[in-house]
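Survey of secondary and tertiary structure
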Amino acid sequence: MTYITDGYRRTGRRLARKITPTNLKLGAITSLNGRILTVKCQTTIETLGMQLTRLELYERVCRAPLSKLAPELGLSGTALAAVCRQHQIPYPGSGYWTRKSLGLAAELPALPEGVNETIEITAPVPKPRQKKAPEDRVTRKARAIAKARRLERHPLLYGVEEHMRKTRVAKDGEFLRPYKRILPDLISSEDALPRALSVANHLYLALDKQGYRVHIAPPGDDHRRIRVREQEVELKDRKYGRYHSGSIWGPDRPTIFYIDAVPIGLALTEMTERVTMRYLNGDYHREDSKLVRSMKPWQLTHSWTTEQDMPSGRFRIIAYSPKNGVDWSISWQDTQQESLVSIIPKIVETLRSSTDKLQRLMTAEDEAEAKRKKERQEEWERYERREDARKVAQALADSRQQLAETIEKWGKAMTVERFFADADDRLGGVDDQRRQRLAERLALARAMMGSIDPLDFIESWKAPDERYRSKYDQPVQPPAGNPAKE
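Rules used in this analysis
- Residues numbered from 1 in each chain as written.
- Predicted model: local features only at pLDDT ≥ 70, side-chain atom pairs only at ≥ 80, totals over all residues.
- Heavy atoms only, no water.
- Helix = DSSP H or I, 4+ residues; strand = E, 2+ residues; numbered from the N terminus.
- Buried < 20%, exposed > 50% of the residue type's maximum accessible area, 1.4 Å probe, protein only.
- Contact = heavy atoms within 4.5 Å.
- Areas by Shrake-Rupley, 256 points an atom, 1.4 Å probe, with all protein chains shown as cover.
- 1 Å grid on protein atoms, 1.4 Å probe; cavity = no way out; pocket = protein on both sides within 12 Å on 5 of 7 lines; lining within 4 Å.
- Points joined across faces, edges and corners; volume = space filled by probe spheres on them.
- Nonpolar A, V, L, I, M, F, W, Y, C, P; charged D, E, K, R; others polar.
- Salt bridge = Lys/Arg side-chain N within 4 Å of Asp/Glu carboxyl O.
- Disulfide = S-S within 2.5 Å.
- Core = buried A, V, L, I, M, F, W, Y, C linked by side-chain atoms within 4.5 Å.
- Arc of directions from axis to C-beta.
- Lys, Arg positive; Asp, Glu negative; His and termini not counted.
- Polar contact = N/O pair within 3.5 Å; in protein donor to acceptor, adjacent residues only side chain to side chain.
- Phe/Tyr/Trp six-rings, centres within 6.5 Å; stacked < 30°, edge-to-face > 60°.
- Lys NZ or Arg CZ within 6 Å of the ring centre and 35° of its normal.

In this section: the overall build of the chain. Secondary structure summary: the chain contains 13 helices and 14 strands in total. Across the 486 residues that make up the chain, the buried fraction comes to 30%. Considering only residue pairs separated by 6 or more positions, the chain has 68% of its internal contacts joining residues 24 or more positions apart. Carbon and sulfur atoms make up 52% of the accessible area of the chain, which totals about 33600 Å².

All right, on to empty space enclosed by the protein then. The final tally for this structure, using the stated rule, is one cavity of 30 Å³ or more. Forming the walls of the largest cavity are Leu186, Ala200, Leu203, Tyr204, Leu266, Ala267, Leu268 and Ile317. Those elements giving two or more residues to the lining of the largest cavity turn out to be helix H7 (193–209) and strand S11 (262–280). Classifying every residue of the lining of the largest cavity gives eight nonpolar, no polar and no charged.

Attention now goes to the pattern of salt bridges. Within the structure shown, the criterion is met by 23 salt bridges. Residue Arg165 pairs with Glu190 through a salt bridge whose shortest N-O separation is 3.7 Å. One end of the pair, Arg165, is in helix H6 (residues 160–165); the other, Glu190, is in the loop between strand S8 (186–187) and H7, with 25 residues separating them in the sequence. Take Glu190: its relative accessible area is 49%, and that puts it in the partly exposed class. The partner of Arg274 in a salt bridge is Asp309, and the shortest N-O contact between them spans 2.4 Å. Remark: Asp309 occurs in strand S13 (residues 305–320) and Arg274 occurs in strand S11; sequence separation between them is 35 residues. Judged by its relative accessible area of 25%, Arg274 is partly exposed. In this structure Asp309 comes out as buried when scored by relative accessible area, which is 1%. Linked through salt bridges whose partners overlap, the residues forming this network are Glu232, Glu273, Arg286 and Arg314.

We now examine the state of the cysteines. Every disulfide links exactly two cysteines, by a covalent bond between their sulfur atoms. Taken as a whole, this structure holds zero disulfides when the rule is applied. There is no disulfide at Cys62, and the cysteine sulfur nearest it, in Cys84, is 9.3 Å away. On the basis of relative accessibility, which here comes to 0%, the residue Cys84 falls in the buried class.

On to the layout of surface pockets, then. Space inside the largest pocket adds up to approximately 500 Å³. In this structure, the largest pocket is lined by 23 residues; those nearest its centre are Lys171, Asp172, Gly173, Glu174 and Met310. Elements that contribute at least two residues to the lining of the largest pocket include exactly S11, strand S12 (283–286) and S13. At five residues, the largest contribution of residues to the lining of the largest pocket is made by S13.

The subject of this paragraph is the nonpolar core. Within the largest apolar cluster, 41 residues are counted, with the highest numbers of intra-cluster contacts made by Tyr204, Phe257, Ile264, Leu268 and Leu351. When residues of this core are traced back to their parent elements, those giving at least two are H6, H7, strand S10 (255–259), S11, S13, helix H9 (344–353) and helix H10 (355–427). Per-element tally for this core: the top contributor is H7, with nine residues.

A few words now on helix H3 (residues 77–86). Buried within H3 are the following residues: Leu80, Ala81, Val83 and Cys84. Viewed along the axis of H3, the buried residues span an arc of 155 degrees, placing them on a single side of the element. Projecting away from the buried face of H3 at angles above 90 degrees are the exposed residues Thr78, Arg85 and Gln86. Where H3 is buried, its residues contact helix H1 (54–63), helix H2 (66–72) and strand S7 (118–121). Backbone geometry just after H3 places Gln88 at a positive phi near 55 degrees.

Below, the discussion takes up the side chain of Glu270. Looking at where Glu270 falls in the secondary structure, it is placed in strand S11. Among buried Asp, Glu, Lys and Arg side chains, Glu270 stands out as unpaired, with Arg286 the closest opposite charge at 7.8 Å. For Glu270, the side chain forms a polar contact with the main-chain nitrogen of Ser189, separated by 2.8 Å. Polar contacts involving the side chain of Glu270 include one to the main-chain amide nitrogen of Gly313, which spans 2.7 Å. Setting aside chain neighbours within four positions, we find Glu270 in contact with Phe175, Ile187, Ser188, Ser189, Ala192, Glu230, Pro311, Ser312, Gly313, Arg314 and Phe315.

What follows covers the environment of His202. Turning to its location among the elements, His202 is positioned in helix H7. Among the residues examined, His202 registers a relative accessible area of 39% and is labelled partly exposed. For the pair formed by His202 and Ser342, sequence separation is 140 residues and the distance between their alpha carbons is 9.7 Å. Sequence-distant contacts of His202, defined by excluding residues within four places in its chain, comprise Val341 and Ile344. For His202, the side chain forms a polar contact with the main-chain oxygen of Ser198, separated by 2.8 Å.

Before going further, it helps to examine the packing of aromatic side chains. In total, this model carries five aromatic pairs according to the counting rule given. Each ring, one from Trp380 and one from Tyr383, has its centre 5.3 Å from the other, and the planes form 35 degrees; the classification is tilted. Highlighted residues: Trp380 and Tyr383, both in helix H10, separated by three residues, approximately one helical turn. Chaining the aromatic ring pairs together yields one cluster made of Tyr279, Tyr284 and Trp304. The ring of Tyr472 is capped by Arg385, whose NZ or CZ atom sits 4.1 Å from the centre of that ring.

Right under this line is the structure:
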């Protein structure tokens, strides 16, 4: 038996959608003031269709918002709005009901002219869920293999190809120079980029399977990237790029991984080979290219050849220590006998076995760095002591020089004082008119000479300690001319 209270159907403790008289087959109804209080139904509850004319539906949507009217018709607000648009029935928007709730004037949209047809509104019937057929073992296994293949892309390489191809202008025979600088350490030409990403992916995944996470070094770590040599065969000279002065792009931060606490840097670079280039039609082309081989001898009259380092399509993996001061690196490269991908397990094993040696080199470098740091501190302390002694001696010399100048000024001031005293004595023997004029001029002369008080000179003098005080304990020096008493 189903119980309905306050217009809602309850089955156990779950609250179902609202029940109205239009979608209920009545059994027994108890009502009060038109509100359904309790209904005991012996029959099942069904959703019945409803028929309204176009004008009746327009009047109903103008009396209440769609969100409130739609449940009464057994629809959602979106479905009711679609019915209105299908039959060209305008309905007020949310702004209309807001203004109406505030007591403001609001205008209803007018119903366009048309046939007052009958509209049948039926609640949508949900489609029964179809049970999936049980998958056989082969299908599940194939799906698992496909999922595993989707995961065979190392996270560090997501989006790298797009960034690598957003490059500065790179002429034929030059490596890519992408604008982005925080990228995995990959150096490649445009044609060989897919293989570079494939080799890097195999290497990074092989290391990840052993528990060594390959990542780009954080900005705060004191790790550096070594200079990567790109020549397949080491030669004395370098002829890469136009005019043999091309620079090769490199990331700002190294690509590293850790074995225990030992960091190891990784770099993958495409190697270059020395080839003969021919200048033809304003540009350089390979001597063995199809364009040059198709030329007639008379067409090569005004051309010449030169040698240049060009990308070879073969790659080299370099593992190195990113710690400053540790000179350790090891490399592997493509050969005619085997490719890099085939020797990746061997590379991982070699790196694992090199950890002890690398740890000893790092420990030795730490001890050497500590020793160098101590020597630098001692040298700096000796320099500061020498500089301190120099400043003390300079302060003493300046103080003595100022004192000598003060004594000399004092002597001149005494001469001036005697001059003014003698002039005052002589004023008593002249007539009054002349005495007044001379007294005024004598006052002007005193004012011009300034202070001649000896104590003012002593007060302006600076002692050595007032000029500079030593940071270190200085030995007490005896006065000049007096031997020190033992």
